[in-house]
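Each chain is listed here by its residues.
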Amino acid sequence: MATTMSLLNKRRFLPLFVTQFLNAFNDNFYKMAMVILVTYEIYSDPTQEANFNAIAGALFILPFFLFSALAGQLADTIEKTRVIRMVKTAEIFIMIFGAAGIYLHNIPMMLAALFAMGVHSTFFGPIKYAILPQHLEQDEVLGGTGLVEAGTYLAILGGTIAGGIIPGKIAGIGIIIVAIIGRVTAQSVPLAPPESDAPTAKMDWNIFRSSWRLVRDTMHIPRLFLAIMAISFFWGVGAVLGSIFPPMVKNAIGGDNTVATLFTAFFSIGIAIGSVAVNRMLNGTVSAKYAPISVIIMGLFVLDLWWTVSHWQPTGPELIDWWQFLTLGYGERMIVDLLGISIAGGMFVVPLYAFLTTTVAKSQTARTIAANNIVNSGAMVIGAVIYSLLVSAGVGIADTLFMIAAACLVSAWISWKLHKACDPVAA
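Cut-offs and rules
Residues numbered from 1 in each chain as written. Predicted model: local features only at pLDDT ≥ 70, side-chain atom pairs only at ≥ 80, totals over all residues. Heavy atoms only, no water. Helix = DSSP H or I, 4+ residues; strand = E, 2+ residues; numbered from the N terminus. Rg over C-alpha atoms; globule rule 2.2 N^0.38 Å. Buried < 20%, exposed > 50% of the residue type's maximum accessible area, 1.4 Å probe, protein only. Contact = heavy atoms within 4.5 Å. Areas by Shrake-Rupley, 256 points an atom, 1.4 Å probe, with all protein chains shown as cover. Lys, Arg positive; Asp, Glu negative; His and termini not counted. Charge placed at Lys NZ, Arg CZ, Asp CG, Glu CD. Patch = residues over 30% accessible without salt bridge, like charges linked within 9 Å, V, L, I, M, F, W, Y side chains within 5 Å. Salt bridge = Lys/Arg side-chain N within 4 Å of Asp/Glu carboxyl O. Core = buried A, V, L, I, M, F, W, Y, C linked by side-chain atoms within 4.5 Å. Expected span 1.5 Å × (residues − 1). Polar contact = N/O pair within 3.5 Å; in protein donor to acceptor, adjacent residues only side chain to side chain.

1. So, the overall build of the protein
Turning to step 1, where the next piece is worked out: Of regular secondary structure, the protein possesses 16 helices and zero strands.
Turning to step 2, where the next piece is worked out: Compactness check: the protein gives a C-alpha radius of gyration of 20 Å against a globular reference of 22 Å for 427 residues, within 12% of the reference.
Turning to step 3, where the next piece is worked out: With the principal axes as the frame, the protein shows a C-alpha extent of 65 × 50 × 45 Å.
Turning to step 4, where the next piece is worked out: Residues classed as buried in the protein amount to 59% of the 427 residues present.
Turning to step 5, where the next piece is worked out: Sequence-distant contacts in the protein: of pairs separated by 6 or more residues, those separated by 24 or more amount to 87%.
Turning to step 6, where the next piece is worked out: Total accessible area on the protein is roughly 16700 Å²; 67% of this is exposed by carbon and sulfur atoms.
Turning to step 7, where the next piece is worked out: Within the protein, the 23 negative side-chain charges are centred at a point lying 11 Å from the centre of the 24 positive side-chain charges.

Dropping the structure here:
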C-alpha cells in the first residue's frame with residue numbers, strides 16, 4: 001500500500017492523476033447540478049423525471065460508442081499529452097455553454113453540453129489508462145490503475161456533492177473554474193510519445209467503419225473478449241443504477257436532493273475503497289481471481305436494496321432530508337447496501353482494467369481501452385434505454401433492482417471464465 005501511495009509523489013504520475021481527478025469531478029459537478037435542477041425545480045412528474053435521467057445518461061455515454069475508435073487511433077499514434085491538453089482546452093468552452101444552459105434553465109442547452117462533455121471524456125478516457133504502462137513499472141500498473149479508479153470515484157463523490165448542494169447559478173461559475181484548473185494541471189503531465197511499433201498517424205475518420213474494425217480486431221482475442229464483456233455487463237448495470245438513484249430517492253423513498261447526493265456520495269466512497277483494497281489483496285499481481293465472487297457479492301447487496309425499497313413506507317407528503325433519512329430504521333440499511341454494492345464493484349472492475357493494459361503491447365493499449373469503451377458504452381446505452389422502456393411500461397424501481405441483481409450473475413459467469421482461462425493458478 002505504501003508503495004502504491006508513493007506514486008502520488010512522482011511527477012510521472014501525480015499530474016495525470018490530478019488532471020483525471022478534475023476531469024471526473026467536473027463531469028459530475030455539472031451533471032449533478034443539471035439533474036438536481038431539472039428533477040427538483042423544472043419537472044414535477046415522476047415519469048418525466050425518470051425519462052430525463054435515462055436520456056441524460058444515454059447522451060453522456062453515446063459519444064463513447066461513436067468516437068472511441070477515433071480516440072484510440074489518435075492516442076496510439078501521436079504524443080498523448082498533446083491530446084490531453086487539447087481536450088482540456090475544449091472543456092473550458094463546453095462548460096461556458098453548459099453554465100449558460102443552467103442560468104437560462106434551458107434543457108436542450110444543458111443536454112447539448114452534457115453530450116459535448118461525453119465527447120471530451122471519450123478522447124481523454126483511453127489515455128488515462130493507456131499512459132500508465134509508459135510511465136509506470138510493470139509491478140506498479142495495478143496500483144496505479146487502482147489509484148486512478150479510486151481518484152475517479154472520489155472525484156465523482158466531490159463533484160456529486162458540489163452539484164447536489166451548490167445553487168445552480170453558483171455551480172455554473174464553479175464548473176468553468178474547475179475546467180481552467182484542469183487545463184493548468186494538464187500542462188505538467190510528462191510527455192508520452194508513440195511507441196516505436198505504433199501504427200502510422202493516418203486516421204480512419206469513418207466512425208462506423210473504424211469502430212467496427214477496432215472492436216473486431218480486439219474482441220477476436222479470447223482473453224480480451226472475456227474481460228471486455230465482463231466490464232460491459234458491469235457498466236450496463238451501473239448505468240441503470242445511476243439512472244435509478246434520483247427518481248428512486250424522490251419518488252420511492254420521499255427524499256430531497258440531499259438524500260440523492262448522499263446516495264451517490266456513499267456509492268463513490270465504496271468504489272474508491274474497493275479499487276484500492278483489491279490491489280492490496282492481489283499484492284500488485286494482475287489477476288481476475290476475485291472478480292466472480294466480487295460481482296456475486298455486489299448482486300446480493302442489490303437484492304437486499306431491492307427488498308428494502310420494496311418495503312419502504314414514505315413518512316409523509318413532505319420530502320425528507322439526509323439527516324431525517326438516516327434516523328429512519330431502513331435508512332442505515334440502505335447505506336450499507338450502497339457501500340456493499342460499490343466496494344464489491346470496485347474490487348471487480350479494477351483488475352480487469354489493469355488486465356487490458358498489461359496483456360497487450362504498449363503501442364496498442366489506447367486502442368484496446370478504446371475498443372473496451374465502445375462495447376462498454378453500448379452496454380450502458382442499452383441499459384439506459386431498457387430502463388426508460390421499463391419505466392414507460394410501468395415497471396417499478398424495486399422490480400428494476402431485482403433484475404439488476406439477476407444480471408450480476410451473468411457478469412460473474414463471464415469473469416469466472418476469464419479467471420479460468422488466463423490466471424496461471426486457475427489452470
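2. Observations concerning a nonpolar patch on the surface
Turning to step 1, where the next piece is worked out: There is a patch of nonpolar side chains on the surface, built from Ile-293, Ile-296, Ile-297, Leu-300, Leu-303, Phe-402 and Leu-409 and spanning about 610 Å² of accessible area.
Turning to step 2, where the next piece is worked out: Secondary structure elements with two or more residues in the nonpolar patch: α12 (291-310) and α16 (397-422).
Turning to step 3, where the next piece is worked out: At five residues, the largest contribution of residues to the nonpolar patch is made by α12.
Turning to step 4, where the next piece is worked out: Tracing the sequence through the fold places Ile-297 in helix α12.
Turning to step 5, where the next piece is worked out: Among the residues examined, Ile-297 registers a relative accessible area of 35% and is labelled partly exposed.

3. Looking at the nonpolar core
Turning to step 1, where the next piece is worked out: By size, the foremost hydrophobic cluster in this structure holds 140 residues, and its most contacted members are Tyr-30, Met-34, Met-248, Phe-263 and Phe-325.
Turning to step 2, where the next piece is worked out: Residue contributions to this core peak at 17 residues, all from helix α10 (residues 222-253).
Turning to step 3, where the next piece is worked out: Excluding anything up to four places from it in sequence, Tyr-30 contacts Met-95, Gly-98, Ile-102, Met-109, Met-110, Leu-111, Ala-113, Leu-114 and Ile-175.

4. Some details on helix α2 (residues 14-42)
Turning to step 1, where the next piece is worked out: Here α2 is 29 residues long and its end C-alpha atoms lie 40 Å apart, about the 42 Å a rise of 1.5 Å per residue gives.
Turning to step 2, where the next piece is worked out: Counting buried residues in α2 gives 22 out of 29 residues, a clear majority hidden from the surface.

5. Section: the pattern of salt bridges
Turning to step 1, where the next piece is worked out: Enumeration according to the criterion identifies three salt bridges in this entry.
Turning to step 2, where the next piece is worked out: Residue Asp-217 pairs with Arg-216 through a salt bridge whose shortest N-O separation is 3.2 Å.
Turning to step 3, where the next piece is worked out: Between Asp-304 and Arg-333 there is a salt bridge, and its shortest N-O distance comes to 2.5 Å. Of this pair, Asp-304 sits in helix α12 while Arg-333 is found in helix α14 (residues 329-358), placing the two residues 29 residues apart along the sequence.

6. Quick look at the side chain of Asn-376
Turning to step 1, where the next piece is worked out: With respect to the element layout, Asn-376 can be found in helix α15 (residues 365-392).
Turning to step 2, where the next piece is worked out: Residue classification places Asn-376 among the buried residues on the basis of a relative accessible area of 4%.
Turning to step 3, where the next piece is worked out: Separated by 2.6 Å, the side chains of Asn-376 and Ser-232 make a polar contact.
Turning to step 4, where the next piece is worked out: Dropping the residues within four chain positions of it, Asn-376 is found in contact with Ile-228, Ile-231, Ser-232, Trp-235 and Tyr-353.

Everything listed here is a matter of coordinates, which is why it stays silent on function.
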